[in-house]
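# Fold and geometry: a report
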Amino acid sequence: MSDEPYEFLVERLIMALAAQLGATEPADLAPEAADALSDLNRSETDLIFGHAGHLAHYDRPPHVDTLMELLTAIQRREAAAGAPILPGDEVRLVGELPASLADYNADALRETAFIVRYVGDDETIDIQPHWTDDYFIETVPVTAVKLTHNQ
């Protein structure tokens with residue numbers, strides 16, 4: 001089965017949810033929508049934030065940022081109590097860079113502020129630059145980052 005027909009489906013669904021947010025004041029997800037977006041695994045989180053980042057980086061459709069902030073709030077509420085780094089926190093890379101980032105400029109990566117998108121139970125986190133810089137998502141060890149700002 002080809003993925004081609006589904007290539008932009010996630011982005012269309014993100015834009016649809018974001019448009020719904022634009023119709024509510026204050027912008028908020030319906031409880032059922034929030035429930036449907038809870039307990040996302042790493043690949044689901046990366047898929048959603050990757051596509052949202054693509055949209056925001058190139059098109060900046062209305063309310064996509066708000067939708068992702070609401071999703072991040074759901075993830076933060078679900079995080080383990082006392083976790084030192086949570087989804088939505090800002091971090092910077094420190095020390096030796098993970099092999100997955102070898103193709104990037106090390107100095108530029110260390111100067112880049114990343115947002116935590118997913119916290120694994122395996123001492124890894126998924127990070128994404130601010131969408132004004134780029135929108136890729138990488139999994140790195142928690143030890144490879146320094147917390148710079150809590151959400």
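The coordinates are above.
These numbers were taken from a predicted model, which means no experiment stands behind them.

## Thoughts on unusual backbone geometry
Cis geometry marks the peptide bond from glutamate 25 to proline 26, where omega comes out at -5°. By the secondary structure assignment, proline 26 is in the loop between helix 1 (9–22) and helix 2 (31–36). Residue aspartate 39 is not a glycine yet carries a positive backbone phi of 55°. For aspartate 39, the location among the structural elements is in the loop between helix 2 and helix 3 (42–58).

## Digging into the sheet that holds strand 3 (residues 124–129)
Whether parallel or antiparallel, the strands of a sheet pair through hydrogen bonds between backbone atoms. The five strands lie next to each other as 4-3-2-1-5, forming an open sheet whose pairing is antiparallel. Two strands lie at the open edges of the sheet, namely strand 4 (138–141) and strand 5 (145–149), each paired on one side alone. If you compare each strand with its neighbour and ignore which way they point, the axes differ by 50° on average. In terms of strand pairing, strand 1 (residues 90–93) meets strand 2 (residues 114–119) through two bridges, oriented antiparallel. Residue pairing for strand 2: glutamate 90 is matched across the bridge by isoleucine 115.

## Points about the pairing of strand 3
Two faces, one strand: in a regular strand the side chains alternate between the faces of the sheet. With six of six residues buried, strand 3 lies mostly within the body of the structure. Side-chain alternation along strand 3 places Thr124, Asp126 and Gln128 on one buried face and Ile125, Ile127 and Pro129 on a second face that is also buried. Sheet topology note: the strand 2/strand 3 ladder contains five bridges and is antiparallel. The partner of phenylalanine 114 across the bridge, within strand 3, is proline 129. In this antiparallel pair of consecutive strands, strand 2 and strand 3, the connection spans four residues, and glutamate 123 shows a positive phi of 65°. With four bridges connecting them, strand 3 and strand 4 associate as antiparallel partners. Pairing of aspartate 126 across the sheet is with threonine 139, part of strand 4.

## With respect to the environment of proline 129
Checked against the element boundaries, proline 129 lands in strand 3. A residue is classified by how much of its surface remains accessible, and proline 129, at 1% relative accessible area, is buried. Non-local contacts of proline 129, meaning those with residues more than four positions away in its chain, are made with Thr112, Ala113, Phe114, Asp134, Tyr135 and Phe136.

## Notes on the packing of aromatic side chains
One pass over the full model with this rule turns up three aromatic pairs. Judged by centre distance (4.7 Å) and plane angle (20°), the rings of tyrosine 104 and phenylalanine 136 are stacked. Separated by 32 residues along the polypeptide, tyrosine 104 in the loop between strand 1 and helix 5 (106–111) and phenylalanine 136 in the loop between strand 3 and strand 4 bring together distant segments of the chain. Among the residues examined, tyrosine 104 registers a relative accessible area of 34% and is labelled partly exposed. Look at phenylalanine 136 and you get buried, because its relative accessible area is 15%. Plain terms: the ring middles of phenylalanine 114 and phenylalanine 136 are 6.2 Å apart, the flat faces sit at 70° to each other, and that makes the pair edge-to-face. A residue pair is termed long-range when its members are at least 10 positions apart, and phenylalanine 114 in strand 2 and phenylalanine 136 in the loop between strand 3 and strand 4 qualify at 22 residues.

## Examining the side chain of threonine 45
With respect to the helices and strands, threonine 45 occurs in helix 3. Side-chain polar atoms of threonine 45 contact the side chain of glutamine 75, separated by 3.4 Å. Aside from chain neighbours lying at most four places away, what touches threonine 45 is Leu40, Gln75, Arg117 and Tyr118.

Criteria and thresholds
- Residues numbered from 1 in each chain as written.
- Predicted model: local features only at pLDDT ≥ 70, side-chain atom pairs only at ≥ 80, totals over all residues.
- Heavy atoms only, no water.
- Helix = DSSP H or I, 4+ residues; strand = E, 2+ residues; numbered from the N terminus.
- Pairing = 2+ DSSP bridges.
- Axes fitted to C-alpha atoms, helices over the stretch in contact; angles between N-to-C directions.
- Buried < 20%, exposed > 50% of the residue type's maximum accessible area, 1.4 Å probe, protein only.
- Contact = heavy atoms within 4.5 Å.
- Phe/Tyr/Trp six-rings, centres within 6.5 Å; stacked < 30°, edge-to-face > 60°.
- Polar contact = N/O pair within 3.5 Å; in protein donor to acceptor, adjacent residues only side chain to side chain.

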